[in-house]
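Fold and contact review
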Amino acid sequence: MKRYNEKDTVEMRQVYADTLLELATLDPKVVVLEADLSSAITTTKIKNQLKDRYVNVGIMEAEMIGAAAGLAVAGFKPFIHTFANFATRRVYDQVFLSLAYAKLDAVILGSDAGVTAEHNGGTHMPFEDLSLMRIIPEVTVYEASDATMLAALLKQGYKQPGLTYIRTIRKQAITLYDTSELFETGSKTLRKGTDAAILASGIMVAEALAAAEELAAQDIDVSVVDMYQIKPIDEDAVMEAAETGAIVTAENHNVIGGLGSAVAEVLAEKKPTKMYRIGIREKFGQVGTADWLKQDYGLTKIDIVKAVKHLCSE
Amino acid sequence: MAVHQVKDLSLFAQEIRYYTLKQFVTMGFGHYGGSLSVVETLAVLYGKHLNSTPENKTDPERDYFVLSKGHAGPALYATLFLRGFIAKEWLQTLNQNNTRLPSHPDRNLTPGVDMTTGSLGQGISAATGIALGNRLARRDNWTYVIVGDGELNEGQVWEAVQMASHNKLDHLMVFVDDNKMQLDGPTKDISEPHDYVEKFKSFGCYSKRVDGKSTEAIDQAIEWGKKNKGKPTVIVLDTIKGQGVHVIEAMSNNHHLRPDEETTKKIMRECEALGERIGVST
Ligand SMILES: Cc1ncc(C[n+]2csc(CCOP(=O)(O)OP(=O)(O)O)c2C)c(N)n1
Ligand SMILES: [Mg+2]
């Protein structure tokens, strides 16, 4: 079994800056938009190379989204970043109407996913960005789980028409993929098992892999699938996972509207299966270290192990 | 109105500064720059003008305060401790797991905090609603709010000002902490500020610029503002990001710091020297 215990050598934010520089160098239509959180995501490093195609509008998230829409009308391809809470809930109508409903092409990166907002606390902790983005028609929604994937998803977002939302952490992720890996189907099966399947996204993928090892030591053999494409959800992957008869979803996000909901919707209509959703339940964010927050909200491998064992013993 | 006034406001400001630094040093990181630049304003408000005490903090007749630039929370917590709202031990818990003192003020966690803030632009809107509500209830108390100069980027701030001015909220006093810096750098490089005082005047407010490093100047401006009738008052404060702490003032970006050991030592040295000067017991 492959071990997943090393961190990426590059931070996710560095991947964002590097990939944007690469795309912007190839394509003069690429424009980078920031709202006074450019240093936080390190695009300050590329602003000199991008010249006037880097615009830091200031603390004006609504203006940033509206201007991105206008840039798209004028034939440009905007890449927009701010913290995920601001990128979605703060500017929801602008995202909904000016970008999605107007059917314009843009990529939004929402950083500091869930508990990784740490000491910025409840005002800055996005547990609902995936839900908000998922209910908008025709939007592609991803949650990146490591550096290789994030680079690939950014390029995918660049290529595909319409609105793409990518959720990420800002710092280093656990390495899950070789740099040659391709991300085409919407999911990645990292481990095959027969007793149950854990469908996870973002930082919860590594947690799920650790849980799977622990379960294996107890003779419970589970699949682990990285469901990085939250919308459209990979229905085939969900149906295959359902063959095990027990599904646990794991997300650093509210259980309503995100990955857990997306999986439940497929199962309810196509193949009702025992399942449990690991995620945030009726709680707001708060300050704390990511590790402590994971414990407090029940997002650890121990919580996953418990959920799997509970389902398997039913 | 029954505020127990602090005699020496500039000394009070230094005490707030001292306990603000202490919290950051204990935690190891935080929004140093923007917390330090509001210290003098908090001192004048809580030391003299703001009728809000641990005893009357739930009395609707009290004055209200909103820290719209919520990331300066630690300076407010130091003030609330010095005014008896919270215990000294609380200051050591800034941003710790399970704390009641999070980065950004939370009205449900910390006694004395009137409004939850942290998403820039929203606090000032809430302040206009508080001022309107007080007037609807025929109360003549005051609502004070501090916004950052970067925060003025947000369209919502200008919506709030328009609403306040149209509705003649003359018991609303807005302070702009004009430290000329926001997160990514100097405010003028990110979004040209033009003349704030002129802008606020043209939006229908009383406005003037004063030295935000001087408790005396701030005090005088508030006295002036309290006499204004029929329009809201906006006081633009000339401040320095990192105000009053040399090592921090000198940094090119001090918005959020996680100082290394050496810098922490320098900050602590300055903090202790300050503590000795003003005679606080550690
Ligand atoms: C709506 C919103 N966008 C972005 C942020 C992130 N943020 C926190 S502080 C800050 C800069 C604030 O600058 P300013 O208002 O001038 O405050 P100060 O200089 O006093 O720290 C930013 C962008 C936020 N808290 N809220
Ligand atoms: Mg500022």
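Conventions we followed
Residues numbered from 1 in each chain as written. Chains lettered and ligands numbered in written order. Predicted model: local features only at pLDDT ≥ 70, side-chain atom pairs only at ≥ 80, totals over all residues. Heavy atoms only, no water. Helix = DSSP H or I, 4+ residues; strand = E, 2+ residues; numbered from the N terminus. Rg over C-alpha atoms; globule rule 2.2 N^0.38 Å. Buried < 20%, exposed > 50% of the residue type's maximum accessible area, 1.4 Å probe, protein only. Contact = heavy atoms within 4.5 Å. Lys, Arg positive; Asp, Glu negative; His and termini not counted. Charge placed at Lys NZ, Arg CZ, Asp CG, Glu CD. Near = heavy atom within 4 Å. Polar contact = N/O pair within 3.5 Å; in protein donor to acceptor, adjacent residues only side chain to side chain. Nonpolar A, V, L, I, M, F, W, Y, C, P; charged D, E, K, R; others polar. Salt bridge = Lys/Arg side-chain N within 4 Å of Asp/Glu carboxyl O. Expected span 1.5 Å × (residues − 1). Arc of directions from axis to C-beta. UniProt positions renumbered as here; feature names shortened; annotations may be inferred. Phe/Tyr/Trp six-rings, centres within 6.5 Å; stacked < 30°, edge-to-face > 60°. Lys NZ or Arg CZ within 6 Å of the ring centre and 35° of its normal. Axes fitted to C-alpha atoms, helices over the stretch in contact; angles between N-to-C directions. Left-handed = near helix turned anticlockwise from the far one by under 90°. Pairing = 2+ DSSP bridges. Buried area = accessible area lost by both parts, 1.4 Å probe.

Considerations on the overall build of chain A
Check the secondary structure of chain A and you find 13 helices and 12 strands. What you see for chain A is a C-alpha radius of gyration of 19 Å, in line with the 20 Å of a compact globule of 314 residues. Here chain A holds 314 residues, and the buried ones make up 62% of them. For chain A, the share of sequence-separated contacts (at least 6 apart) that also reach a separation of at least 24 residues comes to 79%. A gap of 2 Å separates the mean positions of the 33 positive and 43 negative side-chain charges of chain A.

Observations concerning the site of ligand 1
Taken together, 24 residues sit near ligand 1, with Glu61 of chain A together with Lys69, His71, Asp149 and Lys241 of chain B positioned nearest. Residues within reach of ligand 1 are spread across chains A and B. Between Leu120 of chain B and ligand 1, the recorded distance is 3.0 Å, taken from a backbone N or O atom to a nitrogen atom. Split by residue class, the shell around ligand 1 holds five nonpolar, 10 polar and nine charged.

Some thoughts on the pattern of salt bridges
All names here are of chain B. Under the criterion given, the structure shown has 27 salt bridges over all chains. A salt bridge links Lys213 to Asp211; the shortest N-O distance between them is 3.1 Å. Residue classification places Lys213 among the partly exposed positions, given a relative accessible area of 40%. Through salt bridges with shared partners, one network takes in Asp178, Lys180, Arg209 and Asp238.

Re helix α6 (residues 155-166) of chain B
Because each turn of an α-helix spans 3.6 residues, side chains separated by three or four positions end up pointing in the same direction. Residues and elements named next belong to chain B. Between its terminal C-alpha atoms α6 stretches 17 Å, which fits the 16 Å expected from 12 residues at 1.5 Å a residue. Along α6, the residues classified as buried are Val157, Trp158, Ala160, Val161, Ala164 and Ser165. All buried residues of α6 lie within an arc of 155 degrees about the axis, which places them on one face of the element. In α6, the exposed residues that point more than 90 degrees away from the buried face are Glu159 and His166. Two residues or fewer past α6, Lys168 is found with a positive phi of approximately 55 degrees.

Points about the UniProt feature "domain: Transketolase-like pyrimidine-binding" (unreviewed entry) in chain A
When the UniProt feature table is mapped onto this chain numbering, "domain: Transketolase-like pyrimidine-binding" (unreviewed entry) sits at residues 10-176 of chain A. In residues 10-176 of chain A, helix accounts for 43% and strand for 18%; the two terminal C-alpha atoms are 13 Å from one another.

Focus: the packing of aromatic side chains
Residue and element names in this part refer to chain A. The final tally for this structure, using the stated rule, is 16 aromatic pairs over all chains. With a centroid separation of 6.3 Å and 15 degrees between ring planes, the pair formed by Phe83 and Phe86 is classed as stacked. Overall, Phe86 belongs to the buried group, its relative accessible area being 8%. Among the aromatic residues, those joined into a cluster by ring pairs are Tyr142, Tyr177, Phe183 and Tyr228. Against the face of Phe76 rests Lys29, its NZ or CZ located 5.2 Å from the ring centre.

Focus: the packing of helix α3 (residues 39-49) of chain B against helix α4 (residues 73-82) of chain B
Residue and element names in this part refer to chain B. Where α3 meets α4, the closest approach of the two axes is 10 Å, and the angle between their N-to-C directions is 30 degrees. As for the relative orientation of α3 and α4, their crossing is right-handed in sense. Across the interface between the two elements, Val39, Leu42 and Tyr46 of α3 pack against Ala75, Leu76, Thr79 and Leu80 of α4. Residue composition of the contact of α3 with α4, by class: six nonpolar, one polar and no charged.

Some thoughts on the sheet that holds strand β12 (residues 274-280) of chain A
Residues and elements named next belong to chain A. With respect to topology, five strands assemble into an open sheet ordered β7-β9-β8-β11-β12, the strand pairing being mixed. Edge positions in the sheet fall to β7 (188-191) and β12, since each of these pairs with one other strand and no more. Strand after strand, the sheet turns through a mean of 20 degrees between neighbouring axes, direction not considered. Sheet topology places strand β11 (residues 246-254) next to β12; six bridges connect them, and they run parallel. Along β12, the bridge assignment pairs Ala250 with Ile278.

Overview of the interface of chain A and chain B
Listed as interface residues are 20 residues of chain A and, on the opposing side, 26 residues of chain B. Summing the contributions of chain A and of chain B, the shared interface buries around 1800 Å²; its carbon and sulfur component is 48%. The largest share of the area that chain A buries against chain B comes from Ile59, Arg90 and His119 of chain A, three residues that together contribute 34% of it. Connecting chain A to chain B are one salt bridge. Measuring nitrogen to oxygen at the nearest pair gives 3.4 Å for the salt bridge that ties Glu154 of chain B to Arg90 of chain A. Taken together, the connections running from chain A to chain B amount to 16 residue pairs in polar contact (both at pLDDT 80 or more). Secondary structure elements with two or more residues in the side of chain A that touches chain B: α2 (38-41) and α5 (84-90) of chain A. Its residues assigned to classes, the side of chain A that touches chain B comprises seven nonpolar, 10 polar and three charged.

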